[in-house]
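Here are the chains, one letter per residue:
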Amino acid sequence: MEDRELQQWIEQISLASFGRPFVHQARFNRRLRSTGGRYFTKSHDIEISWMQWETFGRDEIEKIIKHELCHYHLHILKRGYQHRDNDFKTLLAQVGGSRFCQSLPQARQKRTYKYRLECVNCKTEYYRKRKVDVRKYACGKCKGKLKSYTLDLQAPS
């Protein structure tokens, strides 16, 4: 599917499910990994995750589109368009959109860690991207002291 086809599909869903036209731009974004789509409040454009399309197909993307269209229409109508707002939750339930997208398989998400923390007592390991002050923290299992190591390679996730 191309951006042009996505645009037409979103326009159709908008008219059929919301009774209002979608008059802004829609496109796929190949970089989105942890989110199914995005609605931009300034430009009113919508981006959909290409990875979600490839992995889960048409049915899942339709739910994501409805979710983003809820943000779109409520924002334009100056009503509660954020996830926490009742207007958003009610409209999302009415149109059958999904509250959350499915997680992508872990094989596609690489996590590189720079630090490994190890408990001196029970030898439990923790991996972190950012440096941790081991004087301020203790082991979550046994409350023992932690020792920090710097990694040069990828650790298991």
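Residues numbered from 1 in each chain as written. Predicted model: local features only at pLDDT ≥ 70, side-chain atom pairs only at ≥ 80, totals over all residues. Heavy atoms only, no water.

- By the naming in an unreviewed UniProt entry, the chain goes by SprT-like protein and is assigned to Paenibacillus aceris.

1. Re unusual backbone geometry
So, point 1. A positive phi is found at Lys 78, a non-glycine position, where the angle reads about 60 degrees.
So, point 2. In this structure, Lys 78 sits in the loop between helix H3 (58-76) and helix H4 (86-95).
So, point 3. For Lys 78, a relative accessible area of 76% puts it in the exposed group.
So, point 4. A positive phi angle, close to 65 degrees, is found at Lys 143, a residue other than glycine. (Helix = DSSP H or I, 4+ residues; strand = E, 2+ residues; numbered from the N terminus. Buried < 20%, exposed > 50% of the residue type's maximum accessible area, 1.4 Å probe, protein only.)

2. Overview of the sheet that holds strand S4 (residues 115-119)
So, point 1. Pairing is antiparallel in the open sheet, where three strands are placed in the order S5-S4-S6. Unpaired on one side and paired on the other, strand S5 (125-128) and strand S6 (146-150) mark the two borders of the sheet. The sheet shows a mean angle of 25 degrees between the axes of neighbouring strands, taken without regard to direction.
So, point 2. Bridging between S4 and S6 involves five bridges; their strand directions are antiparallel. Within S6, the residue paired with Glu 118 across the bridge is Lys 147. (Pairing = 2+ DSSP bridges. Axes fitted to C-alpha atoms, helices over the stretch in contact; angles between N-to-C directions.)

3. Side note on the nonpolar core
So, point 1. Formed by 24 residues in total, the largest nonpolar core has its most connected members in Ile 10, Ile 46, Ile 48, Ile 65 and Leu 69.
So, point 2. Of all the secondary structure elements, the ones that give two or more residues to this core are helix H1 (3-18), strand S1 (26-29), strand S3 (46-49), helix H2 (50-56), H3 and H4.
So, point 3. Looking at which element gives the most residues to this core, the answer is H3, with seven residues.
So, point 4. If we skip the residues at most four places from it in the chain, Leu 69 touches Ile 10, Ile 13, Ser 14, Phe 18, Phe 22 and Ile 46. (Core = buried A, V, L, I, M, F, W, Y, C linked by side-chain atoms within 4.5 Å. Contact = heavy atoms within 4.5 Å.)

4. Considerations on the packing of aromatic side chains
So, point 1. Scanning the model with the defined rule gives six aromatic pairs in all.
So, point 2. Taking 5.9 Å as the distance between ring centres and 45 degrees as the angle between the ring planes, the aromatic pair formed by Tyr 113 and Tyr 127 counts as tilted. Taken together, the positions of Tyr 113 in the loop between H4 and S4 and Tyr 127 in strand S5 put the pair 14 residues apart, joining distant regions of the chain.
So, point 3. Take Tyr 113: its relative accessible area is 15%, and that puts it in the buried class.
So, point 4. Looking at Arg 30, its charged tip hangs above the ring of Trp 50, at a distance of 4.3 Å from the centre.
So, point 5. Over the aromatic face of Trp 9 sits the side chain of Arg 58, whose NZ or CZ is 4.2 Å from the ring centroid. (Phe/Tyr/Trp six-rings, centres within 6.5 Å; stacked < 30°, edge-to-face > 60°. Lys NZ or Arg CZ within 6 Å of the ring centre and 35° of its normal.)

5. Describing H3
So, point 1. Here H3 contains 19 residues, and its C-alpha end-to-end distance of 26 Å stays within 8% of the 27 Å for a straight helix at 1.5 Å per residue.
So, point 2. The buried count for H3 comes to 14 of 19 residues, which makes it a mostly enclosed element. (Expected span 1.5 Å × (residues − 1).)

6. Comments concerning the packing of H3 against H4
In a packed pair of helices, the relevant descriptors are the angle between the two axes and the axis-to-axis distance.
So, point 1. Relative to each other, H3 and H4 sit at 135 degrees, their axes nearing to 10 Å. The angle between H3 and H4 falls in the class oblique. Regarding H3 and H4, the two cross each other, and that crossing is right-handed. The residues of H4 that touch H3, namely those facing Lys 66, His 67, Cys 70, His 71 and Leu 74, are Asp 87, Phe 88, Leu 91, Leu 92 and Val 95. (Parallel < 35°, antiparallel > 145°, perpendicular 65-115°, else oblique. Left-handed = near helix turned anticlockwise from the far one by under 90°.)

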